[in-house]
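Here is how the chains run, residue by residue.
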Amino acid sequence: MKSYFPSQTVSDAEKISYDYGLKVGKAIEAEWFNNDKNSNRYKTNHNNFHNLRLYARGEQSIQKYKDELSINGDLSYLNLDWKPVPIISKFVDIVVNGISERTYDIKAYSQDPFGVAKRTEYMENILKDMRLKEFNAAVQNEINLDVRKSDIEELPETNDELELHMQLSYKQSVEIAEEQAINTLLEGSRYELIKKRFYYDITTIGIGAVKSSFNTSEGAVVEYVDPANLVYSYTDSPYFEDIYYVGEVKTIPVNELAKQFPHLSESDLEDIMKNKSFNRNNNNTRFSQDKEDTNTIQVLYFNYKTYMNEVYKMKETATGGDKAIEKNDDFNPPENKQGGYERVLRSIECLYEGAMILGSDKLLKWEMAKNMMRPKSDFTKVKMNYAIVAPRMYNGKIESLVSRITGFADMIQLTHLKIQQVLSRMTPDGVYLDADGLAEIDLGNGTNYNPQEALNMFFQTGSVIGRSFTQDGDMNPGKVPIQEITSGSGGNKMQALIGNYNYYLQMIRDVTGLNEARDGTTPDKNALVGVQKLAAANSNTATRHILQSGLFLTSEIAECLSLRISDIIEYSPTKDAFIQAIGVHNVAVLKEMENLHLYDFGIFIELQPDEEEKMMLENNIQMALQQQIIELADAIDVREIKNIKLANQLLKIRRKRKLDRDQALQMQNMQQQAQLNQQSAQAAAQAEVQKNQALTQSQAQLEQIKAQLESEKMQQEVLHKKDLMGLEFQYNMQLKGIEVDGQKTKEEEKENRKDERTRIQASQQSELIDQRNTGKPPKNFESAGNDIMGGGFDLGPFDPR
């Protein structure tokens, strides 16, 4: 049956008709499920994928190995364990688990005019502040007024720092809202589990697929799609961007069929079940009849991309303006039109959704897709619900990592079976015993040296007794009665088979790129750590196309969800609950979510670095820390950046800033040191002057104290002299008084005692004679020089007169 799709140049009314949808469904069925000339493309793909998945699980068919080892189909002489060696499973798990552990962040970039204008304004404000940095600082210091345009704490110093700041730190609240919305939808669909499944598919069968859909009850959801159930138009692109139809076959029970398509009546369901045998015989995808369920039916769900015409009647109004009136695409103004109107046409892509029961003419659904995903940058385009990738597809044929190594896995299995054969036919080592040699031996203790006793002694002690001569004195040919028999042929075969096994295992490593450094094999003890890491890095490079394919699917799904979020906010009854779930921790996000459908976002994936990239970055950080060209806080900031390129740029900027800061600090230290030296010299000179002044002042004070003490001494001396002079004056007055009294008495005695004058005179003469004889002068009470002060002050004038 020849595949024939209906024309896409027909009118929109014909495209939406039931007959047109049935023709599309039958054309897809004819292209994929045609049993004429054994050209069932769907079943071929399904069988190939099924076999590859069995190899990946270590459960491939063993019939080929039986055919290889049997003789005319006879296996009666073979007693082997036919269970396959699951050698491929390890390599698949290494790739899938290693890639699944790579974490990433989904980034949204607002690329609509409003978002770009906000970003430009923010950047221009920073540039203004950078140019007026000194002026702003002066205003802040003088009048305590902040006149800066931007609100960031630390301004970039160069344009490179500004560019890095825009990439790392600047994030509009609407972009944060978009990222949170996408992550919420992915978590709700359990995308982490879906991601592991399609990574397994890409590794095993070479193709992976996911589907995004929207309904009013669940909102936007992401579903896993089994590539074995896919149908799609021919393409040579690994990313399937040029296909015009795509669909999948699902086996669903009748009750689910009635639930999904409530318009089906009881009679319709009965007719469907009657034609089920035809459906099963022509399109059966099961592999064992015992798994068939009598209550299931196979349904083909498909998307069909075509175009539609938007036709408007442009009429000129009385005021001179233009009025657009929407019309059907069959609207054609007559040639002799009157009234000043014309036809305006725009062709845009549109998507139709259909569902058909395979093997019948029953079309369950055919309608224009609701809430089509149209990129806001190009509204004439439409995205399909399915995202598919096959990184190693050529000429429509898909190649996978497992398909490369199935032949080597078969040889390893055959080698394993041969090893079993050799093991089953190998005989243990034995001994040869010469009974005649034993007969010539006398143990001397009365016991018999029979063969059994000789064997017991040999096996228990390893010793044997023999005789070189017989009892007659002749040479004994059996002087060594027991000899070992070694069967070495089996051991050589085993070594050859083990070498063959290792050869094919190494071939698998060579073909896949999964070397010993990555597959968990114990590395060579003499291999350096750097060599092992380099080998692991090369292995990651060999399987990087699988990682990139998975990231492509994630990016496509994130972009589809970004477009569907607008549908949720505009149409879904769960709008409020969805907004609250996204922005429950961020009030600013809640405000932005209301208008999220007005923005246009670019979605990209920021992949976290692998171990090799982290190691290289950490080496750069450690080297910078050792050379003291960055600080610990800079190292912490660099480690927090997941993008290696941006992390290295930040490292270079922080290094340059640290060098500039150190140089400025060094210059400042030099200036401070010079200033300190100058101040020290000035302080030393000032201290010397102060010292001299203090010394002079001290000497002056000392002289003053000495003068004061001398003055006080002289004053005390004057006081003492005055006292002494007063006392001397009194004494002189008393002496003078006594002398006057004596003279008065003497006169009185002369007058009164004239009769005794002679005696008295005689007495005085004798007294004077005695004085002359002794040589003593008359006693004088005058002071001897004590009335003269040390300074030459004479007190003579004060003597009594």
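Residues numbered from 1 in each chain as written. Predicted model: local features only at pLDDT ≥ 70, side-chain atom pairs only at ≥ 80, totals over all residues. Heavy atoms only, no water.

Asks: Help me out: how do you make sense of the overall build of the chain in this one?
Replies: Broken down by element type, the chain carries 25 helices and 15 strands. Taking all 801 residues of the chain together, the buried fraction comes to 37%. If you take every contact in the chain between residues at least 6 apart in sequence, the share linking residues at least 24 apart comes to 73%. Accessible surface, the chain as shown: approximately 48,800 Å² in total, 50% of it carbon and sulfur. (Helix = DSSP H or I, 4+ residues; strand = E, 2+ residues; numbered from the N terminus. Buried < 20%, exposed > 50% of the residue type's maximum accessible area, 1.4 Å probe, protein only. Contact = heavy atoms within 4.5 Å. Areas by Shrake-Rupley, 256 points an atom, 1.4 Å probe, with all protein chains shown as cover.)

Asks: Before we go on, may I ask you to explain the sheet that holds strand E10 (residues 386-389) in this structure?
Replies: The pairing of strands in a sheet comes from backbone hydrogen bonds and takes either a parallel or an antiparallel form. Overall, antiparallel pairing links the three strands, which are arranged E3-E2-E10 in an open sheet. Single-partner strands in this sheet number two, and they are strand E3 (219-225) and E10. For this sheet, the mean inter-axis angle between neighbouring strands, taken without regard to orientation, is 15°. Looking at chain direction, strand E2 (residues 208-215) and E10 are connected through four bridges and run antiparallel. If you follow valine 210 over to E10, its bridge partner there is alanine 387. Seen against the sheet, helix H10 (residues 191-204) touches E2, E3 and E10 and runs at an angle of roughly 30° to E3. (Pairing = 2+ DSSP bridges. Axes fitted to C-alpha atoms, helices over the stretch in contact; angles between N-to-C directions.)

Asks: Where do I start with empty space enclosed by the protein in this structure?
Replies: Leftover empty space is mapped by rolling, across the atoms, a probe with the size of a water molecule. In the structure shown here, the tally under the stated rule is two cavities of 30 Å³ or more. Around the second largest cavity, the lining residues are Ile202, Gly206, Pro391, Arg392, Glu399, Ser400, Leu401, Arg404, His545 and Ile546. Residue composition of the lining of the second largest cavity, by class: four nonpolar, three polar and three charged. (1 Å grid on protein atoms, 1.4 Å probe; cavity = no way out; pocket = protein on both sides within 12 Å on 5 of 7 lines; lining within 4 Å. Points joined across faces, edges and corners; volume = space filled by probe spheres on them. Nonpolar A, V, L, I, M, F, W, Y, C, P; charged D, E, K, R; others polar.)

Asks: Quick question: what am I supposed to make of the pattern of salt bridges here?
Replies: Throughout the structure, instances matching the rule amount to 26 salt bridges. Among the ionic pairs, aspartate 226 bridges to arginine 53, the shortest N-O distance being 2.8 Å. Of this pair, aspartate 226 sits in the loop between E3 and strand E4 (230-232) while arginine 53 sits in helix H3 (residues 41-57), placing them 173 residues apart in sequence. Where arginine 654 meets aspartate 637, a salt bridge forms, and the shortest distance between an N and an O atom there is 3.0 Å. Remark: aspartate 637 occurs in helix H23 (residues 632-639) and arginine 654 occurs in helix H24 (residues 644-752); sequence separation between them is 17 residues. Here the residues in one salt-bridge network are Arg119, Lys171, Glu175 and Glu179, joined through shared partners. (Salt bridge = Lys/Arg side-chain N within 4 Å of Asp/Glu carboxyl O.)

Asks: Honestly, a nonpolar patch on the surface in this entry has me stumped. Any pointers?
Replies: Taken together, the side chains of Leu132, Phe135, Ile143, Leu145 and Val147 present a nonpolar region at the surface, about 460 Å² in accessible area. Structurally, valine 147 can be placed in the loop between helix H7 (133-143) and helix H8 (159-168). For valine 147, a relative accessible area of 32% gives the class partly exposed. (Patch = residues over 30% accessible without salt bridge, like charges linked within 9 Å, V, L, I, M, F, W, Y side chains within 5 Å.)

Asks: I tried to follow helix H14 (residues 401-425) on my own but got confused; where do I start?
Replies: Its 25 residues place the ends of H14 37 Å apart at the C-alpha level, agreeing with the 36 Å of an ideal helix rising 1.5 Å per residue. Maximum bend of H14: about 40°, positioned at glycine 407. (Expected span 1.5 Å × (residues − 1). Bend = angle between axes of the 7 residues up to and from the residue.)

Asks: Is there a simple way to explain unusual backbone geometry in this structure?
Replies: Only a minority of non-glycine residues have a phi that is not negative, and only a minority of peptide bonds are not trans. Notably, asparagine 144 is not glycine yet its phi reads approximately 55°, a positive angle. Unlike most non-glycine residues, arginine 190 shows phi in positive territory, near 55°. Here arginine 190 shows up in the loop between helix H9 (173-188) and H10.

Asks: In this structure, what is going on with the environment of glycine 499? I would like to understand it.
Replies: Inspection of the secondary structure assignment puts glycine 499 in helix H17 (residues 489-512). When the C-alpha atoms of glycine 499 and threonine 415 are compared, they prove to be 9.8 Å apart, with 84 residues separating the residues in sequence.

Asks: Even after reading the chapter, I still don't get the confidence of the model for the chain, so can you show me in this structure?
Replies: Any region with low pLDDT has predicted coordinates that should not be read closely. When pLDDT is averaged along the chain, the result is 80; 83% of the residues meet or exceed 70. Throughout residues 284-290 the model reports pLDDT below 50, and contacts reaching past four residues in sequence, or to other chains, amount to 14 contacts. Every residue in residues 524-538 is under pLDDT 50, and counting partners more than four places away or in other chains gives ten contacts. (pLDDT = per-residue confidence, 0-100.)

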